[in-house]
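Reading the structure
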Amino acid sequence: MALRAAVLRHIRLPVQTLPAAGSRPQSQLSFLRLFSSHDDHLTKEEVIDRVLDVVKSFPKVDPSQVTPDVHFQNDLGLDSLDNVEIVMALEEEFKLEIPDKEADKIDSCNLAIEYIYNHPLAG
């Protein structure tokens with residue numbers, strides 16, 4: 001019962017409004033709402049700014065070297081453990097969980113930006 005109540009709290013259903021007497025009928029699509037509770041997707045610029053801020057705040061990184069195209073190991077001299085720590089910081093910043101298989105592929109700011117921007121629940 002608790003699971004059913006939790007699910008029902010998050011479901012959105014389209015509601016059709018009836019036109020007032022004497023007014024023109026509304027378009028069939030004007031009453032539809034998205035079924036997602038995540039209606040405010042981040043812009044690419046917001047993602048870029050926040051990813052760069054996370055990487056710049058990493059203790060072993062010189063903030064002046066951080067750009068959207070920087071590679072964590074080749075350009076910043078970080079090791080694989082540092083890479084994992086940056087991905088974990090990104091997960092915390094954007095309130096999402098990146099599967100290990102995907103996290104292993106994120107080795108640059110550009111890949112992090114693309115992954116997060118395309119993630120439907122990044123916030």
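Our structure is the block above this text.
Being a predicted model, the structure only gives us computed values, none of them experimental.

The next subject is the nonpolar core. Judged by nonpolar contacts, the single largest core of 27 residues is most densely connected at V51, V55, F72, L90, F94 and I116. Within the residue set of this core, elements represented by two or more residues are α2 (44-56), α3 (80-94) and α5 (109-118). Ignoring anything within four residues of it in the chain, the contact list for F72 reads V55, G77, L78, N83, I86, I106, D107, S108 and C109.

Turning next to unusual backbone geometry. Despite not being glycine, K95 has its phi angle at roughly 55°, a positive value. Positionally, K95 belongs in the loop between α3 and α4 (100-103). Given the relative accessible area of 66%, K95 is considered exposed.

Here the largest pocket defines a volume of roughly 200 Å³. Contributing to the lining of the largest pocket are Q73, S80, N83, V84, V87, M88, E91, I98, D100, A103, D104 and D107. Secondary structure elements with two or more residues in the lining of the largest pocket: α3 and α4. At 6 residues, the largest contribution of residues to the lining of the largest pocket is made by α3. In terms of residue class, the lining of the largest pocket is built from 5 nonpolar, 3 polar and 4 charged.

Reading guide: rules and limits
Residues numbered from 1 in each chain as written. Predicted model: local features only at pLDDT ≥ 70, side-chain atom pairs only at ≥ 80, totals over all residues. Heavy atoms only, no water. Core = buried A, V, L, I, M, F, W, Y, C linked by side-chain atoms within 4.5 Å. Buried < 20%, exposed > 50% of the residue type's maximum accessible area, 1.4 Å probe, protein only. Helix = DSSP H or I, 4+ residues; strand = E, 2+ residues; numbered from the N terminus. Contact = heavy atoms within 4.5 Å. 1 Å grid on protein atoms, 1.4 Å probe; cavity = no way out; pocket = protein on both sides within 12 Å on 5 of 7 lines; lining within 4 Å. Points joined across faces, edges and corners; volume = space filled by probe spheres on them. Nonpolar A, V, L, I, M, F, W, Y, C, P; charged D, E, K, R; others polar.

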